Amino acid sequence: QLQLVESGGGLVQPGGSLRLSCAASGFTSDHYVIGWFRQAPGKEREGVSCISSGGVNTYYADSVKGRFTISRDNAANTVYLQMNSLKPEDTAVYYCAAANWLTTVQAMCIIRKGANAWGQGTQVVVSS
């Protein structure tokens, strides 16, 4: 019933920027923790950034801290990931996921606790 749809991926040069969107339906996203994860070919899926239901608490992986910013528009049931200063190693399929609001952003992003609803992914390619 619930659905998450990612968009905004594409091809960008190193140092460039992209803004990813995660649109939710079937539930109201202001009651959920939302996280961004990514998976490159041949590599394990990793947590990138997660945001609490109210948007106050956030988590960033060390590899993206200072370059990526997560935010949410609860009225639009949409979570964004602004990606700046992109590097070739950021190339991956990016997925968003939802968890119950009681889940901490650290638990969701680090161990994927409660992340049971997933989108289909959007491809990000940072060319070199």
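Our subject in this report is the structure included herewith. (Residues numbered from 1 in each chain as written. Predicted model: local features only at pLDDT ≥ 70, side-chain atom pairs only at ≥ 80, totals over all residues. Heavy atoms only, no water.)

Some points on the packing of aromatic side chains
Overall, the coordinates contain one aromatic pair when judged by the stated rule. Above the face of the Tyr 80 ring, Arg 19 is positioned so that its terminal group lies 3.9 Å from the ring centre. Just above the ring of Trp 118 sits the side chain of Arg 45; from NZ or CZ to the centre is 4.0 Å. (Phe/Tyr/Trp six-rings, centres within 6.5 Å; stacked < 30°, edge-to-face > 60°. Lys NZ or Arg CZ within 6 Å of the ring centre and 35° of its normal.)

Focus: the nonpolar core
Residues Trp 36, Phe 68, Leu 81, Met 83 and Tyr 94 are the most contacted members of the largest nonpolar core, which totals 27 residues. For this core, the secondary-structure elements that each account for two or more residues are strand E3 (18-25), strand E4 (32-39), strand E5 (46-51), strand E7 (68-73), strand E8 (78-83), strand E9 (92-100) and strand E11 (122-126). (Core = buried A, V, L, I, M, F, W, Y, C linked by side-chain atoms within 4.5 Å. Buried < 20%, exposed > 50% of the residue type's maximum accessible area, 1.4 Å probe, protein only. Helix = DSSP H or I, 4+ residues; strand = E, 2+ residues; numbered from the N terminus.)

Quick word on the state of the cysteines
Applying the stated criterion to the full structure yields two disulfides. The side chain of Cys 22 participates in a disulfide bridge whose partner is Cys 96; the two sulfur atoms lie 2.1 Å from each other. Disulfide Cys 22 to Cys 96: torsion about the S-S bond roughly 70°, handedness right-handed. Of this pair, Cys 22 sits in strand E3 while Cys 96 is found in strand E9, placing the two residues 74 residues apart along the sequence. Across the pair, exposure class does not vary: Cys 22 and Cys 96 are buried alike. Residue Cys 50 pairs covalently with Cys 109 via a disulfide, S to S 2.2 Å. On the S-S bond that ties Cys 50 to Cys 109, the torsion sits near 100°, and the link is right-handed. Residue Cys 50 is found in strand E5, and its partner Cys 109 is found in helix H1 (residues 105-111); the two are separated by 59 residues along the sequence. (Disulfide = S-S within 2.5 Å.)

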